[in-house]
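# Structure at a glance
The residues making up each chain are set out below.
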Amino acid sequence: MDRIENLSDYVKVAVLADPQVMDRTSLHLPPKSLGLEIAEFYTDLFMRRAILASVLPFQPDVILFLGDNFDGGPILSDEEWQESLSRFRHIFNLNMLERSTNTQVYYLAGNHDVGYEAFHSRMPEVIKRYEKEFRSRNYQFTVGKVDFIAIDAQTLDGNSQGKLTSATWDFVRNISKDVSLTPRVLLSHIPLYRPDRTYCGPHRSSPIINQKVSRTNQNQEILYQNYITEKSSQYLLDMLRPVLILSGHDHDQCSVTHLSKHGQVREHTLGTISWQQGNLYPSFMLLSASNIAFHNVSSTDDAILTHLCFLPVQTYIYIWYLFQFGLTLLVLLLWPANGIGISRHFSGIMGYIRGLSTPNFFRHSEKEKNEDENCEYEMVWDAEGSMHLIKKALKAPTKISSEKASMERGNAVIRPTARKQTSQEMDASVSVNVQVGLDAMAKLPPRTNKSTTKMVIRRLVRTLRSLMVIAAVNIPLYMMLLFKDWIDK
């Protein structure tokens, strides 16, 4: 796509594969059950947003569906099929495109639309129902100067005597008689044959699927196949001489190169556009078909340009929603009852730091700490016989002999006795205080589970109220966004 210099030289084509509109056959859920209805709605909504927000803004001239428009198409009743058809047309805005634009829409038949050969022989009305709505299953159309050849791949490997198989091969032979040099693109819902474990390129996210063909025991009618058989694939390459092959069916990306007698041919197998079909990375393709005639088929590298476009990974988005919801619940349940009070705590911390940084703080605390340790009390009697307690600082410890003790008239010094009495009073006071504290604690009522239950109930009520406020704000906005994308435009 980067090689385009003049937009008028190309016609824009959007290619979509395997939408498989969900129905009662999609999940193991009862029809019309709530779970199935929710799954259908969000799957439809994703594809509708994809077409409105990602595909149509490119203003494609052609939209091409590579098959499997429905999920249980062959086994749905006429009423159920019409319901799925109505949803399909609404999802991809087909009514508006047909009414107000010049966009051309083309469809391929897929195995989920018409089934395989074994189903055709038992319920031929399924083919008639499909062709009435989507026209022929084998046809050719031209975009710019490029021919597109659509075939019903489900019938290629059937019984050669069968009516549907014969009709498909007759169509291929008639196309092969045209020897014009116009570049051709082969459109097949089922990919062409590739050897087992063939590398599919860097865009594939799921394991490689190998060839598998299931047939009935009675007349070898095809029940299922992953790829067209090797023999049929080689016939298509040699007879139609395509320069490019587009296919679906695999639900994941795969780019391989086939070898025919006319040279190498590139095949792009597109992944599904739905997020519910086993591929985490839905996608679509933008294709540019040249408006310039090429006179040499071997030099048509620039005749068809392709670019793969990926859509949002919806599964991861929903997982992120659930994570945020769980985180919100935890915050609401564990949030402190009185709030955090960041400003109050910050002010207290800053005041404490300022107090630590003041020199007077250290001197004051040291003074209070050493005030009682560096003093003693003396009992002194005066001449009238009155006793006084005098607080004096302790002197440095020295060795004093008992012979040097001085006695003065009218005074008495009884230092050891005063110290002992003071320490005894302090011990008694401490013991009394401890005993009173123990008695008070003994009298306190034990904490019961009743207060814990009340706290839990208060937190749950507060969480419920907060959720109601959040829902009251977000749900109306969410519903507006949902239906804005869902209504017809």
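You'll find the structure just up there.
Each residue is numbered by its place in its chain's sequence as written, counting from 1. Predicted model: local features are reported for residues with pLDDT of at least 70 only, side-chain atom pairs are reported and counted for 80 or more only, and whole-chain, interface and lining totals are derived from all residues. Derived side-chain values reflect all non-hydrogen atoms in the structure, with water molecules and hydrogen atoms excluded from consideration.

Moving on, we come to the nonpolar core. Judged by nonpolar contacts, the single largest core of 35 residues is most densely connected at L16, F65, F88 and F92. The set of elements that each furnish at least two residues to this core consists of β1 (10–16), α1 (34–55), β2 (62–65), α2 (78–91), α3 (94–100), β3 (104–107), α6 (125–134) and β12 (283–290). Numbering of helices and strands starts at the N terminus; helices are DSSP runs of H or I of at least 4 residues and strands are runs of E of at least 2. Counting residues per element, this core draws most heavily on α1, which supplies six residues. In this description, contact between two residues means that some pair of their heavy atoms is separated by no more than 4.5 Å. If sequence neighbours within four positions are ignored, F65 has contacts with L16, F88, F92, L94, V105, Y106, Y107 and L108. Residues grouped as a nonpolar core are buried Ala, Val, Leu, Ile, Met, Phe, Trp, Tyr and Cys residues, joined through side-chain atoms within 4.5 Å. Throughout, exposure labels follow a simple rule: accessible area from a 1.4 Å probe, protein chains only, divided by the maximum for the residue type, with under 20% read as buried, over 50% as exposed, and the rest as partly exposed. With 25 residues, the next largest nonpolar core counts L64, F148, L187 and I304 among its residues.

In this description, a disulfide is simply a cysteine sulfur pair whose atoms lie within 2.5 Å. Going through the model one piece at a time under the given rule, you end up with one disulfide. Paired by a disulfide, C200 and C254 hold their sulfur atoms 2.0 Å apart. On the sign convention where negative is left-handed, the bridge of C200 and C254, at about -70° about the S-S bond, is left-handed. Placement of the pair is C200 in the loop between β6 (184–188) and β7 (213–215) and C254 in strand β10 (residues 254–260), with a sequence separation of 54 residues.

Here, a strand pair is defined by DSSP locating no fewer than two bridges between the strands. Ordered by their spatial adjacency, five strands build an open sheet running β3-β2-β1-β12-β13, and the pairing between neighbours is mixed. Each edge of the open sheet is held by one strand with a lone partner, namely β3 and β13 (304–310). Across the sheet, the mean angle from the axis of one strand to that of its neighbour is 20°, orientation sign disregarded. Direction of pairing for β1 relative to β2: parallel, over a ladder of four bridges. Its bridge partner lying in β2, L16 is registered against F65. Whenever a helix is involved, its axis is fitted only over the stretch in contact; in every case the axis is a line through C-alpha atoms, and angles between N-to-C directions fall within 0 to 180 degrees.

Attention now moves to the sheet that holds β6. Taken in spatial order, the six strands line up as β4-β5-β6-β9-β11-β10 in an open sheet, and their pairing is mixed. Among the strands making up the open sheet, the edge pair consists of β4 (139–143) and β10. Taken over all neighbouring pairs, the strand axes of this sheet differ in orientation by 25° on average, direction set aside. Both strand β9 (residues 244–251) and strand β11 (residues 263–271) contribute to a ladder of five bridges, which runs parallel. Considered in β11, the bridge of L244 is made with R266. Contacts from helix α7 (residues 163–176) reach β4, β5 (146–151) and β6, with the element oriented near 165° to β5. Relative to the sheet, helix α8 (residues 230–240) contacts β5, β6, β9, β10 and β11, its axis offset from that of β10 by approximately 70°.

The next point concerns the environment of Q264. Inspection of the secondary structure puts Q264 in strand β11. Using a relative accessible area of 66% as the deciding quantity, one classes Q264 as exposed. For the pair Q264 and L237, spaced 27 residues apart in sequence, the C-alpha separation works out to 9.6 Å. Contact partners of Q264, with chain neighbours within four places excluded, come to T257, H258 and L259.

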